[in-house]
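Observations on the three-dimensional arrangement
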Amino acid sequence: MKLKNKIFSTVITFTFLLLASYSSFGQTNTNSNTKHSSYSSNGSHKNHCSNISLNKEINLTDFDSEKREIKINVAKNTTRVSLNVNCHIETGGLTIEIYNSKGKKQSNFSVEGSSKSKYKKGKGEPAHGQINLNTSSPTEGDWIIKVIPKQAIGKIQICSTQNVNN
Amino acid sequence: MNPNKRQSWQNSYITILPLVLLFFISISDLTAQNTNKKQTINGTIILDSIWEPTIYMSLIPTFNKMHTMSKSMIVSKSPINSLGQFSINIDYLPKKDHLYRLHISKKDAPEASLIIGGKEENHFFIIANNNSNITVINRDSTLNTVSINGSKQNKHLKEINDIVRFIDSTSFNDTRIKSEFITEALNEKLKRIADTSKHPLISLYALYKSKFDINTPNNQQFQEAFLKKWKNENSTYFKDFRQRYPVKKSSNTISLILLGILFFSLGVAFNHFYNSKTKKKNNKLKSLSIQERKVFNLLKEGKSNKDISEDCNIGISTVKSHVSSIYSKLDIKSRKEVLDIDL
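Predicted model, so just to flag it, every value in this text is computed and none were measured. (Residues numbered from 1 in each chain as written. Chains lettered and ligands numbered in written order. Predicted model: local features only at pLDDT ≥ 70, side-chain atom pairs only at ≥ 80, totals over all residues.)

**Section: the overall build of chain A**
Check the secondary structure of chain A and you find 2 helices and 8 strands. Ordered by position in the sequence, the α and β elements of chain A form the string α-β-β-β-β-β-β-α-β-β. Counting across all 166 residues of chain A, residues that qualify as buried make up 36%. For chain A, restricting intrachain contacts to residue pairs at least 6 apart in sequence, the fraction spanning at least 24 positions comes to 72%. (Helix = DSSP H or I, 4+ residues; strand = E, 2+ residues; numbered from the N terminus. Buried ≥ 20, exposed ≤ 12 C-beta atoms within 10 Å, placed from the backbone. Contact = placed C-beta atoms within 7 Å.)

Encoded structure:
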């Protein structure tokens, strides 16, 4: 009976911890042991991030033009935010913009791969873009990463780390 | 002339002539060397093994494209040898100064690769034309510490980049209040550079780097003065800037324009009203009989009933009857109103 209780309480504690960590990041695809990402020339990617609080991956397929906004909630006691956005585009265009919670643009870049017709002929000219943003005492609230593809095929990986002062 | 003297002149000619010829040959040689001398961007860049040993040069057509990367923007490239040396021929560049980006790519990344921020930032900007001779050297294995020699413009460009790098470092290291304070002060410094620089590209580069926001108070006035200063600049950089930040008309000008439009409309409406009234009266004149028209003309001359009676050879009562009929047909009540009618 005692053993059963122990097992039961361990399972409950584990589930609670899992849920707590899930809700505190407020994002899907969270993995505390994943690594920083980069893309190899053939488009596949390797992970080499550390201390990750968010790791989100977006695949752009079929000449994607759908705009997306990724929110990163920065808590009150956060002392540092590190954002790493890494993109590899085979064709089309992609713009990434990062805004702080006050709506002020912090960084941006655009990458343009080969045209659709060139890509279909097998003469692709891929492009790679990366932002490494590191801010101390970030503004509290929702930081937004705007992803604006234009007939794009490629991959985007977003990693963010937050240091919170307890 | 004395034959001895003549002989000595001839001898001196013979000695001097080859010397003069030699002088001209050497001068022409030097000129030829100068014209053959290739304009280059060269230098030494120490790199880690993660980087591909090739340096790429891209043309940045507008400041808005500083953070845009595509293969079509790359205009030249050069291998970097085992000693880190490279040389890019720039003879074919335009005569006028343009902004260029030099970048390197990681071994597993495509040629068109842009990394912004951090130690791995893989690019830097230079200003060059077909007559530039620029030397680039980095002190460590990053491009953050690159020094650019060979032109005044690039020295100023580096000063601006150093300020921007300092702003970034305060954002990285200091508290928010301190960072915001320093950022504001340094952005003002960049604006001052934009204001005082005599080189159009440096001036505009500093303004872009100051995170110029047209909606901030006083910036509108600054922008007007800035555009006035560079009104003769027709490069793509300034065309893009003018398109992106058109000068807003001040509220006073707008209200004056609105007032003008209002008065013009009122004038048009009044004119239309007056004309229609006159037209109506003229139409009514057509309804008068021949005798009434004759009486009407005499009334317009200011003649009395008696005068009209004598002129028309009719009785005064007939004149009165005509006048009454004219009044009712023209919808008027006095002789004064007759005088006011334009024919």
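**Focus on the overall build of chain B**
Along the backbone of chain B there are 11 helices and 10 strands. Here chain B holds 343 residues, and 23% of them are scored as buried.

**Topic: the nonpolar core**
Within the largest apolar cluster, 39 residues are counted, with the highest numbers of intra-cluster contacts made by Ile126(B), Ala128(B), Leu204(B) and Tyr205(B). A per-element tally of this core places helix α4 (residues 200–209) of chain B first, with 6 residues. Shared between two domains, this core takes at least three residues from each, and those domains are domain 1 (40–150) and domain 2 (166–244) of chain B. Excluding residues that lie within four positions of it along the chain, Leu204(B) makes contacts with Phe63(B), Tyr237(B), Phe238(B) and Phe241(B). Within the second largest apolar cluster, 31 residues are counted, among which are Leu54(A), Trp143(A), Ala112(B) and Leu114(B). (Core = buried A, V, L, I, M, F, W, Y, C linked by C-beta atoms within 7 Å. Domains from an automatic or database assignment.)

**What to know about the packing of α4(B) against helix α6 (residues 236–244) of chain B**
All names here are of chain B. Packing of α4 against α6 leaves a shortest axis separation of 10 Å and a crossing angle of 40 degrees. Our pair here, α4 against α6, has a crossing hand that is left-handed. The residues of α6 that touch α4, namely those facing Pro200, Leu201 and Leu204, are Tyr237, Phe238 and Phe241. Grouping the amino acids of the contact of α4 with α6 by side-chain chemistry returns 6 nonpolar, no polar and no charged. (Axes fitted to C-alpha atoms, helices over the stretch in contact; angles between N-to-C directions. Left-handed = near helix turned anticlockwise from the far one by under 90°. Nonpolar A, V, L, I, M, F, W, Y, C, P; charged D, E, K, R; others polar.)

**A short note on the interface of chain B and chain A**
Taken residue by residue, the interface counts 23 residues in chain B and 23 residues in chain A. Here the side of chain B that touches chain A gets 5 residues from one element, more than from any other, and that element is strand β7 (residues 112–116) of chain B. Partitioned by chemical class, the residues of the side of chain B that touches chain A number 8 nonpolar, 10 polar and 5 charged. Here strand β6 (residues 105–112) of chain A runs beside strand β3 (residues 68–70) of chain B; their pairing, made up of 3 bridges, is parallel. Residue pairing in the sheet places Glu112(A) in a bridge with Ser70(B) of β3(B). (Pairing = 2+ DSSP bridges.)

**Section: the environment of Asn187(B)**
Residue and element names in this part refer to chain B. As for its placement among the helices and strands, Asn187 is situated in helix α3 (residues 176–196). What makes Asn187 buried here is the crowd of 20 C-beta atoms within 10 Å. Spatially, the C-alpha atom of Asn187 lies 8.7 Å from that of Leu207, the residues being 20 residues apart in sequence. With residues up to four places along the chain from it excluded, the contact list for Asn187 reads Ser210 and Lys211.

**Overview of helix α10 (residues 316–330) of chain B**
All names here are of chain B. In this model α10 runs 21 Å from its N-terminal to its C-terminal C-alpha over 15 residues, within 8% of the 21 Å that 1.5 Å per residue would give. Structurally, α10 contributes buried residues whose contacts are with α8 (290–300) and α9 (305–312). One or two steps after α10, the chain reaches Asp331, where phi turns positive at roughly 60 degrees. (Expected span 1.5 Å × (residues − 1).)

**Observations regarding the sheet that holds strand β6 (residues 98–103) of chain B**
Residue and element names in this part refer to chain B. Taken in spatial order, the 4 strands of this open sheet run β4-β2-β6-β8, and their pairing is antiparallel. The strands lining the two open edges of the sheet, one partner per strand, are β4 (74–79) and β8 (123–128). Between one strand and the next, the sheet's axes are offset by a mean angle of 25 degrees, whatever the strand orientation. In the sheet, strand β2 (residues 54–60) pairs with β4 via 5 bridges, with the strands oriented antiparallel. Across the sheet, Ser58 pairs through a bridge with Ile74, a residue of β4.

**What about the sheet that holds strand β5 (residues 85–89) of chain B?**
All names here are of chain B. With respect to topology, 4 strands assemble into an open sheet ordered β5-β1-β9-β10, the strand pairing being mixed. A single partner strand is all that each edge strand has here, and the edge strands are β5 and β10 (147–149). In this sheet, adjacent strand axes meet at a mean angle of 15 degrees when their direction is disregarded. As paired strands, strand β9 (residues 134–137) and β10 are joined by 3 bridges and run antiparallel to one another. The residue of β10 that forms the bridge with Val136 is Ile148.

**A closer look at the pairing of strand β7 (residues 127–136) of chain A**
Residue and element names in this part refer to chain A. By the criterion of burial, β7 is predominantly enclosed, with 7 of the 10 residues buried. As paired strands, strand β5 (residues 78–99) and β7 are joined by 10 bridges and run antiparallel to one another. Residue pairing in the sheet places Asn84 in a bridge with Asn132 of β7.

**Description of the confidence of the model for chain B**
All names here are of chain B. On average, residues of chain B score 83 in pLDDT, and 83% of them reach the 70 mark or higher. Residue range residues 28–35 is modelled with pLDDT below 50. Its contacts to residues more than four positions away, or to other chains, number 0 contacts. Complex prediction metrics read pTM 0.66 and ipTM 0.72. (pLDDT = per-residue confidence, 0-100.)

**Considerations on the packing of α8(B) against α10(B)**
All names here are of chain B. One way to put it is that α8 packs onto α10 with a least axis distance of 10 Å and a crossing angle of 90 degrees. Judged by the angle between their axes, α8 and α10 are roughly perpendicular. In this structure, α8 contributes Gln291, Glu292, Val295, Phe296 and Leu299 to the contact, and α10 contributes Val319, His322, Val323, Ser325 and Ile326. Taken together, the residues of the contact of α8 with α10 sort by class into 6 nonpolar, 3 polar and 1 charged. (Parallel < 35°, antiparallel > 145°, perpendicular 65-115°, else oblique.)

**Concerning α8(B)**
Residue and element names in this part refer to chain B. Within α8, the full set of buried residues consists of Val295, Phe296, Leu298 and Leu299. Buried residues of α8 fall within an arc of 165 degrees about the axis and therefore sit on the same side. Structurally, α8 contributes buried residues whose contacts are with α9, α10 and α11 (335–340). (Arc of directions from axis to C-beta.)

**Digging into the confidence of the model for chain A**
Per-residue confidence for chain A gives a mean pLDDT of 78, with 71% of residues at or over 70. Counted against residues more than four places away or in other chains, residues 19–50 of chain A, with its pLDDT under 50, gives 59 contacts.

**Let's talk about unusual backbone geometry**
What is expected of a backbone is that most residues other than glycine have negative phi and most peptide bonds are trans. Residues and elements named next belong to chain B. In this structure, Asn313 takes a positive phi of about 60 degrees despite not being glycine. Here Asn313 shows up in the loop between α9 and α10. Of note, the phi angle at Asp331 is positive, near 60 degrees, even though the residue is not glycine. What makes Asp331 exposed here is the crowd of 10 C-beta atoms within 10 Å.

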